[in-house]
Amino acid sequence: MPKQKLEKIIAFSLIISFLIGGISGAVLGNLTGNLAAQRLLSQYKPSNNLRPVVSKEEAATIKVVKEVKPAVVSIVISKDLSKYYSSTGPDIFPFEDFFDFSFPFDFKFYSPENQKKNKGENIQPVGWGTGFIISSDGLILTNKHVVNDEDAEYSVVTNDEKKYKAKVLARDPLNDIALLKIKAKNLTTVKLGDSDKVEIGQSVIAIGNALGEYRNTVTKGVISGVGRTIVAGDTLGRSETLSDVIQTDAAINPGNSGGPLLNLQGEVIGINTAISRQGQLIGFAIPINLAKPVIESVKKYGKIVRPFLGVRYILINKNIAQKNKLKVDYGALIVRGRNPEDLAVIPGSPADKAGLTENDIILEVNGKKVTEKHPLSYLISQYHPGDKVKLKVLSKGKEKTVIVNLGKRED
């Protein structure tokens, strides 16, 4: 056989061999893969107990919401509209309150049979807010601005759709706090936390009657700031200064006013009270520690009774200290008021009896510094009438300790 022809036959045979090897390898590989897959499938047993993975924080949030929602209530504000239609026309509630707290006419929780129309009255729901139950017999904490209208009627709708007539027990003249009472028993209550332990960045949950329509709406965020001072105003020119408030980015909507701000332990650390119209997700809450003395007073006396010291003062900061060459840059400087009769120390007051005088600087109350974050009024409010407190005082350049027996002031 010619050499050239032999070489062609050998080359052709090699090509065929490679093709057969490749095909057999592919088939073998495919068969091997299929067998391996079949073995895996035979070992796999589908489970009916599969659950989505939930983080610890998510689980804590869900638990808090389930526990607290039964204690969060919606507050309905109702008025006799016949008095207003006859004198001012139909557009009688154009206002929003301090905290974007608006007043619609289509409140969902009140049915027509609940509206009084006898004797010329036309009592209808005109606004809403939120509150939360702090005692099983129906004591409810909310914002003062929610129930500030003494001519209005107030009702409460609980989480289980029950409706109660509510009585306003107390409106705090010094802060945006109020207490309501309904006739009920064995209600679910909230747990009150310690707002002094709040940390910037910690997670918080807000629950409230958003827009008066979406009851028990849950939002979540973090503590954005503490110790804020804000001036809350409305379209009617009313305003109120709120000190030492908590800032949060948890969404607080109109209707959330008076609802709880909670930590991940399910404790109330604040009362949702205000939102900024200029920014986004800038809300504010009254620290719950400011409400505790008010709650105790109302439970004990049926009204707000406060401890009384009897001084007028201004808070010292670095600027005031520098301009007046003071030895300290904190504390409460006892001063006169603008009018001649506004004395620095009220005659016969606990402060007067303890020997405090004009230009004394109260530095501490029972070891706690008097600062802009914790002013004298706040520190004194943590006590009760009749309590003895130890004041560190800077008087005529020298520090001294003064024991004061707090008096009683009724609001």
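Residues numbered from 1 in each chain as written. Predicted model: local features only at pLDDT ≥ 70, side-chain atom pairs only at ≥ 80, totals over all residues. Heavy atoms only, no water.

Would you explain the nonpolar core in this entry?
Most often, soluble globular proteins keep nonpolar side chains buried together rather than apart. Ranked by size, the top nonpolar core spans 52 residues in total, and within it L141, L309, L356, I362, L376 and L391 carry the most contacts. Of the residues forming this core, the biggest block, 6 residues, is contributed by helix 4 (residues 288–301). Excluding residues that lie within four positions of it along the chain, L391 makes contacts with L309, L356, I362, E364, V365, K400, T401, V402 and V404. Core analysis: the next-biggest nonpolar cluster, separate from the first, contains 20 residues, V73, I77, V126 and A178 among them. (Core = buried A, V, L, I, M, F, W, Y, C linked by side-chain atoms within 4.5 Å. Buried < 20%, exposed > 50% of the residue type's maximum accessible area, 1.4 Å probe, protein only. Helix = DSSP H or I, 4+ residues; strand = E, 2+ residues; numbered from the N terminus. Contact = heavy atoms within 4.5 Å.)

Help me understand the packing of aromatic side chains in this model?
Where two aromatic rings form a pair, the distance of their centres and the angle of their planes describe that pair. Counted according to the given criterion, the structure contains 0 aromatic pairs. The ring of Y330 has K369 lying over it, and the distance from NZ or CZ to the ring centre is 4.5 Å. (Phe/Tyr/Trp six-rings, centres within 6.5 Å; stacked < 30°, edge-to-face > 60°. Lys NZ or Arg CZ within 6 Å of the ring centre and 35° of its normal.)

Hey, could you run me through the pattern of salt bridges in this one?
For side chains of opposite charge, pairing can occur when their charged atoms come near one another. Within the structure shown, the criterion is met by 7 salt bridges. A salt bridge links E57 to K220, with the shortest nitrogen-to-oxygen separation between them at 2.8 Å. Linking E57 in helix 2 (residues 56–68) with K220 in strand 9 (residues 214–233), this pair joins segments that are 163 residues apart in sequence. Take K220: its relative accessible area is 35%, and that puts it in the partly exposed class. (Salt bridge = Lys/Arg side-chain N within 4 Å of Asp/Glu carboxyl O.)

What is the right way to look at the side chain of K144 in this model?
As for its placement among the helices and strands, K144 is situated in the loop between strand 3 (139–142) and strand 4 (153–157). Side-chain polar atoms of K144 contact the backbone oxygen of D172, separated by 2.9 Å. (Polar contact = N/O pair within 3.5 Å; in protein donor to acceptor, adjacent residues only side chain to side chain.)

Would you take a moment to explain the pairing of strand 6 (residues 178–181) for this structure?
Taken residue by residue, a regular strand's side chains alternate between the two faces of the sheet. With 4 bridges connecting them, strand 3 and strand 6 associate as antiparallel partners. Paired with I140 across the two strands is L180, which belongs to strand 6. Summarising the sheet, strand 5 (residues 163–171) and strand 6 pair through 4 bridges and their orientation is antiparallel. Residue pairing for strand 6: R171 is matched across the bridge by A178. (Pairing = 2+ DSSP bridges.)

Would you mind showing me how to read the environment of V311 here?
Among the secondary structure elements, V311 is positioned in the loop between strand 14 (305–308) and strand 15 (313–315). Along the sequence, V311 and P347 sit 36 residues apart, while their C-alpha atoms lie 9.6 Å from each other. Discounting residues that sit within four places of it in the chain, V311 has contacts with I334, A344, V345, A351, L356 and L376.

Would you take a moment to explain helix 2 for this structure?
Helical geometry note: an α-helix holds 3.6 residues per turn, so side chains three or four residues apart project in the same direction. The end-to-end C-alpha distance of helix 2, which contains 13 residues, comes to 18 Å, matching closely the 18 Å that a straight helix rising 1.5 Å per residue would cover. The set of residues buried in helix 2 consists of T61, V64, V65 and V68. Across the axial projection of helix 2, the buried residues extend over an arc of 95°, all falling on one side. What points out from helix 2, more than 90 degrees from its buried face, is the exposed set K56, K63 and K66. (Expected span 1.5 Å × (residues − 1). Arc of directions from axis to C-beta.)

What is the right way to look at the sheet that holds strand 4 in this model?
Neighbouring strands of a sheet are bound in pairs by backbone hydrogen bonds; such pairs are parallel or else antiparallel. As summarised here, the arrangement of the 6 strands in space is 1-2-3-6-5-4, forming a closed barrel in which the pairing is antiparallel. Between one strand axis and the next, the sheet turns through 45° on average, direction left out of account. (Axes fitted to C-alpha atoms, helices over the stretch in contact; angles between N-to-C directions.)

Please explain the pairing of strand 2 (residues 123–135) as it appears in this structure.
Across the 13 residues that make up strand 2, a large majority, 13, are buried. Direction of pairing for strand 1 (residues 72–80) relative to strand 2: antiparallel, over a ladder of 9 bridges. Bridge assignment links V76 to a residue of strand 2, and that residue is W128. Relative to strand 3, strand 2 runs antiparallel, the two sharing 3 bridges. Residue pairing in the sheet places F132 in a bridge with L141 of strand 3. Linking two consecutive strands that pair antiparallel, namely strand 2 and strand 3, is a turn of 3 residues; a positive phi of about 105° is found at G138 within it.

Shape is all these values report; function is a separate question.
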